[in-house]
Every structure is written in structure tokens, then in C-alpha cells.
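Examination of the molecular architecture
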Amino acid sequence: LRALIRQEKKFRALLENSYESISLADKDLNIIYRSPSAVRVTGYTPEELDSASLFDRTHPEDIDHLRHLFTQSLKSPGVSIKGNFRVKHKNGNY
């Protein structure tokens, strides 16, 4: 049990201190988990992130790719889908 607790602490530390934003969505594409790094990476508060669609903040050239990632996710529930796309920072940069 101690080993499991240590592993969980390491995993949590990786998620909380990463410069990658990691999100989990339900079948309706509602974000049910967003890593704390999303705030650092985007400059938005959690409330601001929740108030708009990810598509609204995604670079126009990356929208089709993002749609593809979501389609793949819906076709393969429970499988991690990895992808990169540009999100507009609160300061206006991508």
C-alpha cells in the first residue's frame, strides 16, 4: 500500500508541475479534469477556461486537427489520445 501511495504522489507531482496541459473529457466532451498546468500555460483562470469552448481558443489552423482528436477519442473510450494544437494565451499569443 505504501508503494502505491508513493507512486500516486509521484504521478500527481508530474501532473501538477508539468508544462503540458492534460485534460479528461466525458462522452459529451465536457472537461471533467484539467491539470493545474492549464492555468500556467494559458494564463486563464479555471473559471475562464470553463466559460468558453476549447474550439473558441484554438488556433484556426488547428481546428480540424482538434476535431479529429475528439472524434478519435469518442471512437475509443478509455484510450488516451495524444495531440498537439495551439491555444490562445490570455495575452493574445498562441
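Placed above this text is the structure.
Residues numbered from 1 in each chain as written. Predicted model: local features only at pLDDT ≥ 70, side-chain atom pairs only at ≥ 80, totals over all residues. Heavy atoms only, no water.

**Some points on the packing of aromatic side chains**
Taken as a whole, this structure holds one aromatic pair when the rule is applied. Arranged with centres 5.6 Å apart and planes meeting at 40°, the rings of Phe 55 and Phe 70 form a pair that is tilted. With a gap of 15 residues between them, Phe 55 in helix 4 (residues 54–57) and Phe 70 in helix 5 (residues 63–75) connect regions that are remote in the sequence. For Phe 55, a relative accessible area of 26% translates into the label partly exposed. Phe 70 sits in the buried class, given a relative accessible area of 15%. Geometry around Tyr 19 places Arg 40 over its ring, the cationic atom sitting 5.5 Å from the centre. Sitting above the plane of the Tyr 44 ring, Arg 57 keeps its charged end 4.0 Å from the centroid. (Phe/Tyr/Trp six-rings, centres within 6.5 Å; stacked < 30°, edge-to-face > 60°. Helix = DSSP H or I, 4+ residues; strand = E, 2+ residues; numbered from the N terminus. Buried < 20%, exposed > 50% of the residue type's maximum accessible area, 1.4 Å probe, protein only. Lys NZ or Arg CZ within 6 Å of the ring centre and 35° of its normal.)

**Describing the layout of surface pockets**
Its volume calculated, the largest pocket comes out at about 1,500 Å³. Lining the largest pocket are 40 residues, and of these Ser 21, Ile 22, Ser 23, Leu 54 and Phe 85 lie nearest its centre. Going through the elements one at a time, strand 1 (23–25), strand 2 (31–34), helix 2 (37–42), helix 3 (46–51), helix 4 and helix 5 are the ones with two or more residues in the lining of the largest pocket. The dominant element in the lining of the largest pocket, judged by the number of residues it contributes, is helix 5, at five residues. (1 Å grid on protein atoms, 1.4 Å probe; cavity = no way out; pocket = protein on both sides within 12 Å on 5 of 7 lines; lining within 4 Å. Points joined across faces, edges and corners; volume = space filled by probe spheres on them.)

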